[in-house]
Amino acid sequence: MGDIRQPLYGEAALQVRDQLAAAALPEPVRDLLAAVLEALDLPYPATVGGNEAHDRLLNDRASHARIALRSVLDGCPLGPGWTANYLRERIAKHPVAGYVTADQARAALDQGKTWSEAVTLPAGEEQ
């Protein structure tokens, strides 16, 4: 039979977590992982109407993240640190725009705006 893996709980899980924490990642690799997270960790749209813009933006950013990861895994001579910086330059060209985020809507409501006002894009921004 093949290797059957069981989930770890309790003390065993804590030991594995501590072992992983002790095996710290090199800083350039950590920086690349942080850049990938920055690319993919988009704020949620406040309304269903913002899903299309959110998903389009996420797709664009995910493509850049995939290219960056593939480059490093294929042995990019410039290394993960350079690739992290390059990825950040690419995602800066795809800022969070085109939809109202849940946090923006919440802040607008806290300022006393109506729901309609809170979820309306500022003038000049398109979905």
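For the structure itself, consult the block above.
Residues numbered from 1 in each chain as written. Predicted model: local features only at pLDDT ≥ 70, side-chain atom pairs only at ≥ 80, totals over all residues. Heavy atoms only, no water.

Some details on the packing of aromatic side chains
By the definition in use, this model includes one aromatic pair. Arranged with centres 5.2 Å apart and planes meeting at 10 degrees, the rings of Trp 82 and Tyr 86 form a pair that is stacked. Taken together, the positions of Trp 82 and Tyr 86, both in helix α4 (residues 79–92) and four residues apart, correspond to about one turn of that helix. A relative accessible area of 40% means that Trp 82 is categorised as partly exposed. (Phe/Tyr/Trp six-rings, centres within 6.5 Å; stacked < 30°, edge-to-face > 60°. Helix = DSSP H or I, 4+ residues; strand = E, 2+ residues; numbered from the N terminus. Buried < 20%, exposed > 50% of the residue type's maximum accessible area, 1.4 Å probe, protein only.)

Observations concerning the nonpolar core
Counting residues in each nonpolar core, the largest one holds nine residues, listed as Leu 32, Ala 35, Val 36, Ala 39, Ala 65, Ala 68, Ala 84, Leu 87 and Ile 91. When contributions to this core are tallied by element, the ones reaching two or more residues are α2 (27–40), α3 (51–73) and α4. For this core, the leading source of residues is α2, giving four residues. Setting aside residues up to four positions removed in sequence, Ala 68 forms contacts with Leu 32, Thr 83 and Leu 87. Listed in part, the five residues of the second largest apolar core include Val 100, Ala 108, Ala 118 and Leu 121. (Core = buried A, V, L, I, M, F, W, Y, C linked by side-chain atoms within 4.5 Å. Contact = heavy atoms within 4.5 Å.)

A closer look at a nonpolar patch on the surface
Together, Leu 25, Val 29 and Leu 33 make up an exposed nonpolar region whose accessible area comes to about 230 Å². Its location among the elements puts Leu 33 in helix α2. Note on Leu 33: relative accessible area 45%, which makes it partly exposed. (Patch = residues over 30% accessible without salt bridge, like charges linked within 9 Å, V, L, I, M, F, W, Y side chains within 5 Å. Areas by Shrake-Rupley, 256 points an atom, 1.4 Å probe, with all protein chains shown as cover. Salt bridge = Lys/Arg side-chain N within 4 Å of Asp/Glu carboxyl O.)

Topic: α4
Relative to the 20 Å expected for 14 residues at 1.5 Å per residue, α4 spans 20 Å between its end C-alpha atoms, a close match to the ideal helical length. Among the residues of α4, those classed as buried are Gly 79, Thr 83, Ala 84, Leu 87, Arg 90 and Ile 91. Looking straight down α4, one finds its buried side chains confined to an arc of 155 degrees; they lie on one side. Looking at the buried side of α4, the elements it contacts are α2 and α3. (Expected span 1.5 Å × (residues − 1). Arc of directions from axis to C-beta.)

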